[in-house]
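In case you want the letters, here they are:
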Amino acid sequence: MKGNWEVLGGAGLQFFGNMSASISHEIKNALAIINESAGLLEDLSLRAEKGIPVEPERLKKQTSSILKQVRRMDGIIQNMNKFAHSIDEPLKTLDVTQTVTLVNNLSSRFAAMRGVVVAYQAPSAPMMVHTSPFLLENLLWLCLYVAMNAAGTGKTINLLTEKTEGGVRVRFTPLDRISGTTGREFSEERMEALLAALQAEINIDEGKHELSLSIGAVPIEL
Amino acid sequence: MTEKVLLVDDEADFLDTLSERMRDRGMDVSTTTSAEDALKKLDAESYDAIVLDLMMPEMDGLELLKAIKKKKPELQVILLTGYATVGKGIEAMKLGAVDFLEKPADLKVLTEKIKEAQANKMVIVEKQMEEKMKNIIRVKGW
């Protein structure tokens, strides 16, 4: 199997850059809230120093806001760390449900910008496949990108994962405008290379308003 | 003179705390998490400055900036964002933003920018009034 960068070229770097920019934006937003909460606590302590009474509720509200943002940043940084380590090994046996969860989390800002909600309830049982983690993330992101543009009623996309004979299928549904978006996105060189490298296949069912991605196990080269 | 400010950002917690601090400093602050609602508020109220995030759901900050300047060209818009790039900053200034600040921002700096924006707006409004008066005098032939 070709290495990550041979398959993706500059597009791989672009994917990495897009995700990193989105992550940094999320971190900045959380930091901005912590900054304002800390500033307000400082304002309140200056008042207290002057003998002006400070309501305990205002203090509690700000400390709880800081704790909430610390938890949020911890989640963002955990995802960033998983994403960064996905290029460590060109091939590994992984749980596809965890990769879908990661890509969904990393894409949350892009979804919010489009007013789309992406819902994924990972099944309790793992779905293992031997594949390239970084290329799989890239392919899932491209599918999600197409799905976000074709999102249907209420703009909620459900992600479903199911086992197949040779691997795992990821379904994106409902996509009311999927018929209008087929073709161009999937004939791109990048998509073709990814599908070939991952032994994957994309199917579009216009009747069901659904896009599905079937991932096979990549043979281990000895 | 009290500065009347509209804060537009999709982070509700950020709006809550920043507006509380600004009100404590004597400003008259309104907030909204939606670009559409911001445009409605502009129809109903007059503001000295609008503090706007660049990344907003459905209509991003630059689109909203264009819509604001089209509706009320005299309005002073300050962009406050966690998504700052030189390119976006230049684009925002070309579209008529008076300043571009990066999150997390220092409230002292933001307050100064708002005061400057209020002064700019007063100059623009005074000029507009002067033009109107001149026009009336010309038309009426006094």
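Since the structure is predicted, the reported quantities are computational estimates derived from the model, not experimental observations.

1. As for the overall build of chain A
Secondary structure assignment for chain A yields 9 helices and 7 strands. Overall, the C-alpha framework of chain A stretches about 75 × 45 × 35 Å when taken along its three principal axes. The proportion of buried residues among the 222 residues of chain A is 32%. Contacts spanning at least 24 positions in sequence make up 77% of the contacts within chain A whose residues lie at least 6 apart.

2. Thoughts on unusual backbone geometry
All names here are of chain A. Cis peptide bonds are those with omega within 30 degrees of zero, and the linkage from T173 to P174 qualifies with -5°. Of note in the backbone geometry, Q199 takes a positive phi value of approximately 55° without being a glycine. Its identity as a non-glycine residue notwithstanding, H209 has a phi of 55°, on the positive side.

3. Describing the interface of chain B and chain A
Across the contact, 16 residues belong to chain B and 16 residues belong to chain A. Looking at the side of chain B that touches chain A, the element that brings in the most residues is helix 1 (residues 12-24) of chain B, giving 7 residues. Of the residues in the side of chain B that touches chain A, the class split is 7 nonpolar, 2 polar and 7 charged.

4. Looking at helix 5 (residues 107-140) of chain B
Residue and element names in this part refer to chain B. Between its first and last C-alpha, helix 5 extends 49 Å over 34 residues, near the 50 Å set by a 1.5 Å rise per residue. If you check which residues of helix 5 are buried, you get L110, K113, I114, A117 and K121. Two residues or fewer past helix 5, G141 is found with a positive phi of approximately 70°.

5. Re the sheet that holds strand 4 (residues 156-163) of chain A
Residues and elements named next belong to chain A. The strand order across the open sheet formed by 5 strands is 2-4-5-7-6, and the pairing between neighbours is mixed. Of all strands in the sheet, those bounded by a partner on one side alone are strand 2 (117-120) and strand 6 (200-205). With direction set aside, neighbouring strand axes in the sheet form an average angle of 20°. Examined bridge by bridge, strand 6 and strand 7 (residues 210-216) share 6 bridges and lie antiparallel to one another. In the strand pairing of strand 7, N203 is matched with S212.

6. Things to note about the domain arrangement of chain A
Residue and element names in this part refer to chain A. Splitting chain A by domain gives domain 1 (4-85) and domain 2 (92-216). Taking only C-alpha atoms, the centre of domain 1 and the centre of domain 2 are 28 Å apart. Of all the elements in the fold, those that place two or more residues in the side of domain 1 that touches domain 2 are helix 1 (4-8), helix 2 (10-49) and helix 3 (56-85). Take the side of domain 1 that touches domain 2: its biggest share by element is 7 residues, from helix 2. Tallied by class, residues from the side of domain 1 that touches domain 2 come to 6 nonpolar, 5 polar and 2 charged.

7. What about the sheet that holds strand 2 (residues 28-32) of chain B?
Residue and element names in this part refer to chain B. Spatial strand order, 2-1-3-4-5: 5 strands in an open sheet with parallel pairing. The open sheet has two edge strands with one neighbour each: strand 2 and strand 5 (99-102). This sheet shows a mean twist of 20° between the axes of neighbouring strands, independent of strand direction. As defined by bridge partners, strand 3 (residues 49-52) adjoins strand 4 (residues 76-81) across 4 bridges and the pair is classed as parallel. When the sheet's bridge partners are listed, I50 is paired in strand 4 with V77. Relative to strand 2, helix 1 is tilted by about 170°, and along the sheet it contacts strand 1 (4-8) and strand 2.

8. Some details on the nonpolar core
If you look at the biggest cluster of nonpolar residues, it comprises 40 residues, and the most contacted ones within it are L139, C143, A147 and L198 of chain A. Every element with two or more residues in this core is listed here: helix 4 (96-106), helix 6 (133-149), strand 4, strand 5 (167-173), helix 9 (189-197), strand 6 and strand 7 of chain A. If we skip the residues at most four places from it in the chain, A147 of chain A touches I157, F172, L175 and L211 of chain A. Listed in part, the 38 residues of the second largest apolar core include I33 of chain A together with L15, L54 and I68 of chain B.

Definitions and cut-offs
- Residues numbered from 1 in each chain as written.
- Chains lettered and ligands numbered in written order.
- Predicted model: local features only at pLDDT ≥ 70, side-chain atom pairs only at ≥ 80, totals over all residues.
- Helix = DSSP H or I, 4+ residues; strand = E, 2+ residues; numbered from the N terminus.
- Buried ≥ 20, exposed ≤ 12 C-beta atoms within 10 Å, placed from the backbone.
- Contact = placed C-beta atoms within 7 Å.
- Nonpolar A, V, L, I, M, F, W, Y, C, P; charged D, E, K, R; others polar.
- Expected span 1.5 Å × (residues − 1).
- Pairing = 2+ DSSP bridges.
- Axes fitted to C-alpha atoms, helices over the stretch in contact; angles between N-to-C directions.
- Domains from an automatic or database assignment.
- Core = buried A, V, L, I, M, F, W, Y, C linked by C-beta atoms within 7 Å.

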